[in-house]
Protein chains: 2
Amino acid sequence: MSLIVKKFGGTSVGSIERIQNVARLALKAQKKGDKVVVVVSAMAGETNRLVGLAKKVNPIPDSRDYDLLLASGEQAAVGLVSLALNTLKPFSGRGFLGYQVGIYTDSVYSKARIYKINTQVLKKEIAKGVIPVIAGFQGMDLENNITTLGRGGSDTSAVAIAIALGAQVCEIYTDVDGVFTSDPRVCPEARKISHISYEEMMELAGLGAKVLQIRSVELAAKFNMPIHVRSSFHTGEGTMVVSKKLLGGLEKVVVSGIASDSAQVKFSLQNVPDRPGMAAGIFGALAKAAIDVDIIVQDIPTAGKLSLSFTVSGTDQLKAARVLKKIGGAVRIVQEKDLAKVSIVGVGMQHHPGVAAKMFELLARAQINIKLITTSEIKISCLIDGALEKKAVRVLHRGFGLG
Amino acid sequence: MSLIVKKFGGTSVGSIERIQNVARLALKAQKKGDKVVVVVSAMAGETNRLVGLAKKVNPIPDSRDYDLLLASGEQAAVGLVSLALNTLKPFSGRGFLGYQVGIYTDSVYSKARIYKINTQVLKKEIAKGVIPVIAGFQGMDLENNITTLGRGGSDTSAVAIAIALGAQVCEIYTDVDGVFTSDPRVCPEARKISHISYEEMMELAGLGAKVLQIRSVELAAKFNMPIHVRSSFHTGEGTMVVSKKLLGGLEKVVVSGIASDSAQVKFSLQNVPDRPGMAAGIFGALAKAAIDVDIIVQDIPTAGKLSLSFTVSGTDQLKAARVLKKIGGAVRIVQEKDLAKVSIVGVGMQHHPGVAAKMFELLARAQINIKLITTSEIKISCLIDGALEKKAVRVLHRGFGLG
């Protein structure tokens, strides 16, 4: 008998039929003898609906009340899934909001981080044979305020709960069959990956493969919690995200996947005085406003001035512009939006020089101009015109023989 | 400087424009020098949408998880109203859910009763100049479960908060101009009442005048909290609901209003053994299932058997039928649905014999058959065919000279 945390995303609870399906999947696992905990996102479209309403009343709704608003979406889904469970087998489910099962976070609204889960309530329910249905995406700070964990935060909720309860695996149910070598909608030859390391998954997730929130993978890696990404529409195996050590021979593949991320915005700061603390001041202010900066590139200074470029997600553009306005002086700020970041990911990459060169060549041959480049040990990313995103993904997928 | 609790119903927060209007009304009162607390319902249609979803996954969704589900509607409205307030004057609003401001209730889900409000958090916010925006309709029981107060429960939330904070008045904003002598959609001659006593308002509310939840009036009467029922679309005076003592000469009117309540169901139990404890058993079981029984009529027993009739709201029909099925024995149960209850209400009524006779005569002349009659000191109600409801209201309104 083992404990399994099953997380269902928005599409998996997107209709009455799907909610009933979630209840059936949970009870089926319980009948097999497993103990089951369910974590749910808001019904598909609900969070977007709430965000749309919020923006209509307040164009920059980044605050405590915004989190309180958004958290209502998961709450409704929890109620419905638990009610569905109780029809199949009376009172086998019980819904819980973040604060009710002691999911404590810091107070960074909209991007809160979990620091503790009080498992007392959950353990009591599980021991009784109840299937707890928990709202993902939300928690509570020390002052009783509702916080949310950022888009896709339900994955992180599920992994954190799995770790806190010592679950055997955290199953992430989604509307795709698993993790693919690229987005199948963009790249018809994309293949499902059966096993992938936390590190590669982090790069893929961070680069816009929307299957898992990157923080959930970081967390799973830290505590070695296996994640099973699988379809909620059939019982076939999906993709196991596990420690590199467990993968063995599978590491031989150099490039394991292509990811892309649209709606990127590039800020270029020109005439920045070249003195110590300048960059720290700028990025410190952005961090304080909880804006994730992605690629950063700095030129060699000329006559005591330098240029600094960086990218942020399109959703943070307004906020970032407000922060930067305060810099003042002679600094000139240029924004370029509608950009895309395409990336190749693979654990073996660092030992294979020439992978980067091949990537640049493939893009060049396809007439795709590169605006910024950034690399890590297991990935190479290029910022390009957003309109060419799909083309670039297909070119790279074919070029690296992933089909 | 006085403290005012302003409650906005679903229609008053039913769109972005109306939410912005709520924020403006609250700030306007604050600018005049008053301290303001806002209580909101879910956006119009939202509770019905959630109820519809719940019924699709679970036909009898009366439980803890149902309340958790429904409470999400008010939560979204709270977030939006507070966000709207913060656009007009940054950070003047702050949203709160029932549990966050210590609204404690019993554990009777869907019909919970408030027993305590912990005003500490609210008083601190008000002292800072913040306008707290509180979710109506919801609370928390002693075990941290979310409870709801029943349809229209936001009125009760608002009155309870007004009492706990020692407010000067509880303003109930709605989509009508106040309390009318009858439903203006049914009866074009209906007039707005400027002042009405708690007692009359309770009868009107209990009889289906949907302006106020009856429990909110009971509560206001107990603590002498004035209620001002007014329109959220203009600044004109509405109806003041106050103590009978304050009304003085206004009591001279005999019949002050006509109310009606549709979707009533009549249960008739035949062959009930005439022995002590029988009625107590039946109505005890119904009460335990939290079903409100309205009119009760019992025949004179014949040969040790009696007939018992009573009415419940159409929404409780299924539940009531389930409870009654357990009686067993030779008892025969007959259900009659689609009935309406029309009532005349007035404080002076008890001192004017002949009012009842006049009511029955007016209905008879209009060919409306009376199925059950019930009376109190200040109201007389008749159960009739639901199809004749509007006709009956008009006949009585005219007959008692209320136009």
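Note that the coordinates shown come from a computational prediction; the quantities given were computed from them, not determined experimentally.

### Quick look at helix α4 (residues 120-127) of chain B
Residue and element names in this part refer to chain B.
Logical step 1: Within α4, burial applies to Leu122, Glu125 and Ile126. Looking down the long axis of α4, one finds its buried residues gathered within 100° of arc, a one-sided arrangement. Away from its buried face, by an angle of more than 90 degrees, α4 presents the exposed residues Gln120, Lys124 and Ala127.
Logical step 2: After α4 finishes, the residue Gly129 shows a positive phi value of roughly 90°.

### Focus on empty space enclosed by the protein
Logical step 1: Here the structure, examined in full by the defined rule, presents two cavities of 30 Å³ or more.
Logical step 2: Considering only enclosed or pocket space, the largest cavity measures out at about 50 Å³ in volume.
Logical step 3: At the level of secondary structure, the elements contributing two or more residues to the lining of the largest cavity comprise α2 (46-57) and α3 (64-88) of chain A together with α2 (46-57) and α3 (64-88) of chain B.
Logical step 4: A breakdown of the residues in the lining of the largest cavity according to their chemical character gives four nonpolar, four polar and four charged.
Logical step 5: Roughly 40 Å³ of volume is contained in the second largest cavity.
Logical step 6: For the second largest cavity, the full set of lining residues is Met43, Glu46, Gly73, Ala76 and Ala77 of chain A together with Arg49, Leu50 and Leu53 of chain B.
Logical step 7: Elements that contribute at least two residues to the lining of the second largest cavity include exactly α3 of chain A together with α2 of chain B.

### So, the relation of the copies chain B and chain A
Logical step 1: When chain B is fitted to chain A, the best match, at an RMSD of 0.1 Å, comes from turning it 180° and sliding it 0.1 Å along the axis. Put plainly, the chains are arranged around a two-fold axis. Minimal C-alpha distance to the rotation axis in chain B is attained by Ser72 of chain B, lying at 2.4 Å.
Logical step 2: Both copies contact each other with a shared surface, as 100% of the interface residues of chain B are interface residues in chain A too.

### What about the sheet that holds strand β14 (residues 239-242) of chain B?
One key point about sheets: their strands pair by backbone hydrogen bonds, in either a parallel or an antiparallel sense.
All names here are of chain B.
Logical step 1: Read from one edge to the other, the open sheet built from eight strands follows the order β3-β6-β2-β1-β9-β13-β14-β12, with strand pairing classed as mixed. The sheet is open, and its two borders are formed by β3 (93-96) and β12 (195-197), each paired with just one other strand. Neighbour to neighbour, the strand axes of the sheet diverge by 20° on average, direction disregarded.
Logical step 2: Two elements, strand β1 (residues 3-8) and strand β2 (residues 35-40), share six bridges in a ladder whose sense is parallel. Bridging from a neighbouring strand, Lys7 pairs with Val39 of β2.

### With respect to the side chain of Gln138 of chain B
Residues and elements named next belong to chain B.
Logical step 1: By the secondary structure assignment, Gln138 is in strand β7 (residues 138-140).
Logical step 2: Side-chain polar atoms of Gln138 contact the backbone nitrogen of Gly98, separated by 3.0 Å.
Logical step 3: Not counting the four nearest positions on each side in its chain, Gln138 is found in contact with Ala71, Glu74, Leu97, Gly98, Ile103, Thr147, Thr148, Leu149 and Ser157.

### Description of the pattern of salt bridges
Logical step 1: Counted by the stated rule, this structure contains 34 salt bridges over all chains.
Logical step 2: Notably, a salt bridge pairs Lys7 of chain A with Asp155 of chain A, separated by 2.8 Å at the nearest N-O pair. Of this pair, Lys7 of chain A sits in strand β1 (residues 3-8) while Asp155 of chain A sits in helix α5 (residues 153-165), and the two are 148 residues apart along the sequence. Grouping residues by exposure puts Lys7 of chain A and Asp155 of chain A together as buried.
Logical step 3: Ionic pairing is found between Arg49 of chain A and Glu46 of chain B, a salt bridge with its closest N-O pair at 3.8 Å. Of this pair, Arg49 of chain A sits in helix α2 while Glu46 of chain B sits in helix α2, placing the two residues on different chains.
Logical step 4: Overall, the relative accessible area of 33% leaves Arg49 of chain A in the partly exposed class.
Logical step 5: A relative accessible area of 13% means that Glu46 of chain B is categorised as buried.

### What to know about helix α10 (residues 355-365) of chain A
All names here are of chain A.
Logical step 1: When we look at burial in α10, the residues that qualify are Val355, Met359, Leu362 and Leu363. When α10 is viewed along its axis, its buried side chains cluster within an angular range of 95° and face the same direction.
Logical step 2: In this structure, the buried residues of α10 make contact with β18 (332-345), β20 (379-385) and α11 (389-399).
Logical step 3: Looking one or two residues beyond α10, the residue adopting positive phi is Gln367, at roughly 65°.

### Focus: the interface of chain B and chain A
Logical step 1: Taken residue by residue, the interface counts 42 residues in chain B and 42 residues in chain A.
Logical step 2: For the chain B face of the interface with chain A, the top three residues by lost area are Val57, Leu83 and Tyr99 of chain B, together amounting to 19%.
Logical step 3: Inspection of the chain B/chain A interface yields two salt bridges.
Logical step 4: Summed over the shared surface of chain B and chain A, the result is 15 residue pairs in polar contact (both at pLDDT 80 or more).
Logical step 5: Contributions of two or more residues to the side of chain B that touches chain A are made by α1 (16-31), α2, α3 and β3 of chain B.

### Some thoughts on the domain arrangement of chain A
Residue and element names in this part refer to chain A.
Logical step 1: As assigned here, chain A comprises domain 1 (3-175) and domain 2 (258-399).
Logical step 2: Counting from both sides, the interface comprises four residues of domain 1 and, opposite them, six residues of domain 2.
Logical step 3: Taken together, the links from domain 1 to domain 2 amount to two salt bridges.
Logical step 4: The interface formed by domain 1 and domain 2 holds one residue pair in polar contact (both at pLDDT 80 or more) in total.
Logical step 5: Of the residues that constitute the side of domain 1 that touches domain 2, the class distribution is two nonpolar, no polar and two charged.

### A few points about the pairing of β1 of chain B
Residue and element names in this part refer to chain B.
Logical step 1: Taking burial as the measure, the six residues of β1 include six buried ones, the bulk of the element.
Logical step 2: Between the parallel pair β1 and β2, the chain is carried across by α1, and the sense of this crossover is right-handed.
Logical step 3: Where β1 lies against strand β9 (residues 169-174), five bridges are found, and the strand directions are parallel. Residue pairing for β9: Phe8 is matched across the bridge by Tyr173.

### Remarks on the side chain of Lys7 of chain B
Residues and elements named next belong to chain B.
Logical step 1: Relative accessible area serves as the criterion here: at 7%, Lys7 is assigned to the buried category.
Logical step 2: Looking at Lys7, its side chain comes within polar contact range of the side chain of Asp155, at 2.8 Å.
Logical step 3: Each residue touching Lys7, except ones within four places of it in the same chain, is listed here: Val39, Ser41, Ser154, Asp155, Ala158, Glu171, Ile172 and Tyr173.

### Observations concerning unusual backbone geometry
All names here are of chain A.
Logical step 1: Of note in the backbone geometry, Ser110 takes a positive phi value of approximately 70° without being a glycine.
Logical step 2: Tracing the backbone shows Ser110 in the loop between β4 (103-105) and β5 (114-117).
Logical step 3: A positive phi angle is found at Asn144, which is not glycine, with a value near 75°.
Logical step 4: Following the sequence through the fold, Asn144 ends up in the loop between β7 (138-140) and β8 (146-148).
Logical step 5: When its relative accessible area of 30% is taken as the criterion, Asn144 is described as partly exposed.

### Some remarks on the sheet that holds strand β15 (residues 257-273) of chain A
Residues and elements named next belong to chain A.
Logical step 1: Spatial ordering of the open sheet is given by β16-β17-β15-β18-β20-β19, a layout of six strands whose pairing is antiparallel. Looking at which strands have only one partner, the edges of the open sheet turn out to be β16 (293-298) and β19 (372-375). Across the sheet, the axes of successive neighbouring strands diverge by a mean angle of 30°, strand direction being ignored.
Logical step 2: Strand direction decides the pairing type here: β16 and strand β17 (residues 305-313), joined by four bridges, are antiparallel. Pairing of Ile296 across the sheet is with Phe310, part of β17.
Logical step 3: In the packing of helix α9 (residues 317-325) onto the sheet, contacts are made with β15, β17 and β18, and the angle to β15 comes to roughly 15°.

What counts and how
Residues numbered from 1 in each chain as written. Chains lettered and ligands numbered in written order. Predicted model: local features only at pLDDT ≥ 70, side-chain atom pairs only at ≥ 80, totals over all residues. Heavy atoms only, no water. Buried < 20%, exposed > 50% of the residue type's maximum accessible area, 1.4 Å probe, protein only. Helix = DSSP H or I, 4+ residues; strand = E, 2+ residues; numbered from the N terminus. Arc of directions from axis to C-beta. 1 Å grid on protein atoms, 1.4 Å probe; cavity = no way out; pocket = protein on both sides within 12 Å on 5 of 7 lines; lining within 4 Å. Points joined across faces, edges and corners; volume = space filled by probe spheres on them. Nonpolar A, V, L, I, M, F, W, Y, C, P; charged D, E, K, R; others polar. Least-squares fit on C-alpha atoms with pLDDT ≥ 70 in both. Contact = heavy atoms within 4.5 Å. Pairing = 2+ DSSP bridges. Axes fitted to C-alpha atoms, helices over the stretch in contact; angles between N-to-C directions. Polar contact = N/O pair within 3.5 Å; in protein donor to acceptor, adjacent residues only side chain to side chain. Salt bridge = Lys/Arg side-chain N within 4 Å of Asp/Glu carboxyl O. Buried area = accessible area lost by both parts, 1.4 Å probe. Domains from an automatic or database assignment. Right-handed = clockwise from strand over helix to strand, strands pointing away.

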